[in-house]
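Topology and contacts: notes
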Amino acid sequence: MMGKWEAKLKQIEERASCYERKPLSSVYRPRLSKPEDPSSVWKLFHRQNQAFNFVKSCKENVHVFALECKVGDGQRIYLVTTYAQLWFYYKSRKHLLHCYEVIPENAVCKLYFDLEFNKHANPEADGKKMVVLLIEHVCKALQELYSVSCSAEDVFNLDSSTDEKFSRHLIFQLHDVAFKDNIHVGNFVRKILQPALHLISSEYDNRIPNPVGHEFSHFPETPLKQEISFNQTSPDKDIAKSWTLNSEIPERLESAEQSSPDLSFLVVKSNTGEEHLFVDLGVYTRNRNFRLYKSSKIGKCVALEVAEDNKFFPKQSKNISEENQYFLSSLVSNIRFSDSLRILTCDTSQNKRKRTEHVNSTSSSVETIEGFQCSPYPEIDRFVLSLVTKNDTKGGIRRWNYFFPEELLVYDICRYRWCQNIGRAHKSNNIMLPNTHVQEFLKVSIQRIVVDLKNEVWYQKCHDPVCKAENFKSDCFPLPAEVSLLFLFKELHLGILPASAKEPQAT
DNA sequence: CAGCGCTACCACACCCC
DNA sequence: GGTGTGGTAGCG
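Residues numbered from 1 in each chain as written. Chains lettered and ligands numbered in written order. Predicted model: local features only at pLDDT ≥ 70, side-chain atom pairs only at ≥ 80, totals over all residues. Heavy atoms only, no water.

**Some remarks on the overall build of chain A**
Just so we agree on the cut-off: In this description a helix means any DSSP run of H or I spanning at least four residues, a strand means any run of E spanning at least two, and both kinds are numbered starting from the N terminus. Residue contacts follow a heavy-atom distance rule, with two residues in contact if any of their heavy atoms lie within 4.5 Å. A 1.4 Å probe and the Shrake-Rupley method give the accessible areas. Residues count as covered only by the protein chains that appear here.
For chain A, the helix and strand inventory stands at 14 helices and 22 strands. Pairs at least 24 residues apart make up 69% of the contacts formed inside chain A by residues separated by at least 6 positions. Looking at chain A as shown, the accessible area adds up to about 26,500 Å², and 54% of this sits on carbon and sulfur atoms.

Shown next, in the form of structure tokens:
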């Protein structure tokens, strides 16, 4: 009865004392300085919040890790350091056993899976074969839903099995592709495993735990297309229509040759004999702790190791050992930047509906802002907007992302289709693509402006399939003086940076 | 001195036939 | 019995 309130109260007191000791700065000060010295960062916190607050104040590219304490009841403390420095102390495996990566909420991340079943309860289950089949299914889904190509060679396969349990982690190493955050990963995973979830619940009744929506088909198309085309009508009608459309989809697909795939291999029995999935769907929550390569749970002494049937082999490197490469590949939120990085999203129907309602209620224009239209650098935003304004077409910033080590601001542009590659605007809908996901993405956002703060230049990329195929990238152009780093530095020293500035990654 | 974020489940209130 | 709400134990 009291537990929850006591915990809340304590949390509030904790925060209050923290604010008293270290009041929040009223002005956000972007740190654009080059890393002068690789000064060491190694800081421990009892509270996850404090660890993340420290990360925000830190100019180095640091991350939060959770360490299990000796106490044994699952208590954790939080370490903030860089990947390089963690590896330096971690690699000997004499210290820092029981280490977890904290996958930050709202952080771009890889596709990952936690797989397990009890061997005694499932004597006939062939774990390795199940992994192969799952990877096949996931790759097919990535291809159909996002036109992303991959195979088992892109899947880092880690083993933590015991005599009792078959246990694996899969971390997908997709090329130039990441998910918006691990909540979106979870939505994607639940969506593509819908047929398997259906198998379990239909044993008893028709009540389907279906957080993704009313879509039981193979890889149900997202109703994004519907969302956009319905924006013109009233919100009530939108909802009604998308419901009926969604429930019609399974019939239409089932009658076509594309029947839903056989995912019965994913159904396993628990200790108590209940059926559930080989794939653990509980690992896609905010700030999820995910055990590190070569770490074990505190009670056990079984660490995650490269599975004997793993088919992913990282690139050879002069400076980085193979083990370190494996370590870096295993980190779910370690996304290396590329200027053609695609960020995949997967919303639940509920969220989509909510957003549709929100858009309808706050604005009459169709493809507005998703809430990310302003970066912390208003001068650069203004400059980028000036780049995507020609005559009477005014482009907008659909979203932006900041990549720390490279000091790059990446803007996805909407309502502007002018392409430097072909010297004219792309036509809107003359290309047929395999699925509406990609089509709609292109309709909404085809141009990308990359601002390189380190080198004080900008360039353009284009998502159009033809431009993408030839990997088009415009020449680099210098940033105008008024948005260059020196200007920002001067402002910083004078302390007159706009107080409205927000922090990167915050949504 | 000190973990975090859920979901499954329960208890209860209210409603309607 | 159906449905919604609030609240916690316990899982990952």
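**Looking at the packing of helix H4 (residues 127–146) against helix H5 (residues 182–192)**
For the record, the criterion: With axes taken as lines fitted to C-alpha atoms, and helix axes fitted only over the stretch in contact, angles between N-to-C directions fall between 0 and 180 degrees. Throughout this description, any angle smaller than 35 degrees is read as roughly parallel, any larger than 145 degrees as roughly antiparallel, any in the 65 to 115 degree range as roughly perpendicular, and the remainder as oblique.
Closest axis-to-axis distance for the H4/H5 pair is 11 Å, and the angle between their directions is 105 degrees. Considering their axes alone, H4 and H5 lie roughly perpendicular with respect to each other. In this structure, H4 contributes His 137, Val 138, Ala 141, Leu 142, Leu 145 and Tyr 146 to the contact, and H5 contributes Phe 188, Lys 191 and Ile 192.

**Section: the confidence of the model for chain A**
Rules: Every residue carries a pLDDT, the predictor's confidence in it, which falls somewhere between 0 and 100.
Looking at chain A, the pLDDT average stands at 77 and 68% of residues meet or exceed 70. Ignoring residues within four places in sequence, the model shows residues 204–217, a span with pLDDT below 50, making 37 contacts including any to other chains. Contacts from residues 360–371, a stretch scored under 50 in pLDDT, to residues over four places away or in other chains number 15 contacts.

**Brief notes about the environment of Asn 391**
Formally: We call a residue buried when its accessible area falls under 20% of the maximum for its residue type, exposed when it is over 50%, and partly exposed in between, using a 1.4 Å probe and counting protein chains only.
Secondary-structure assignment places Asn 391 in the loop between strand E14 (389–390) and strand E15 (393–394). For Asn 391, a relative accessible area of 77% gives the class exposed.

**Here we look at unusual backbone geometry**
Positive phi values are uncommon outside glycine, yet Leu 96 reaches one of about 55 degrees. Within the secondary structure, Leu 96 sits in the loop between helix H3 (83–90) and strand E4 (99–103). Residue Asp 176 is not a glycine yet carries a positive backbone phi of 60 degrees. When you line up the elements, Asp 176 lands in the loop between strand E7 (165–172) and strand E8 (177–179). Take Asp 176: its relative accessible area is 32%, and that puts it in the partly exposed class.

**Some remarks on the environment of Leu 170**
Along the chain, Leu 170 turns up in strand E7. As a C-alpha pair, Leu 170 and Phe 54 span 116 residues in sequence and 30 Å in three-dimensional space.

**Things to note about the sheet that holds strand E6 (residues 155–159)**
Stated precisely, the cut-off is as follows: Here a strand pair is declared whenever DSSP counts at least two bridges between the two strands.
Strand order in the open sheet formed by four strands is E5-E7-E6-E12, with antiparallel pairing between adjacent strands. Of all strands in the sheet, those bounded by a partner on one side alone are strand E5 (112–118) and strand E12 (305–306). Helix-sheet contacts for H4 involve E5, E6 and E7, and the interaxial angle to E7 is about 25 degrees.

**Re the sheet that holds strand E1 (residues 42–45)**
Pairing between sheet strands relies on hydrogen bonds along the backbone, with the strands arranged either parallel or antiparallel. Sheet architecture is open: five strands sit in the order E1-E3-E2-E4-E11, paired in antiparallel fashion. The open sheet has two edge strands with one neighbour each: E1 and strand E11 (288–291). This sheet shows a mean twist of 35 degrees between the axes of neighbouring strands, independent of strand direction. Looking at chain direction, strand E2 (residues 63–68) and strand E3 (residues 76–81) are connected through six bridges and run antiparallel. Bridge pairing in E3 places Glu 68 opposite Arg 76. Running at roughly 120 degrees to E3, H3 makes contact with E1, E2, E3 and E4 of the sheet.

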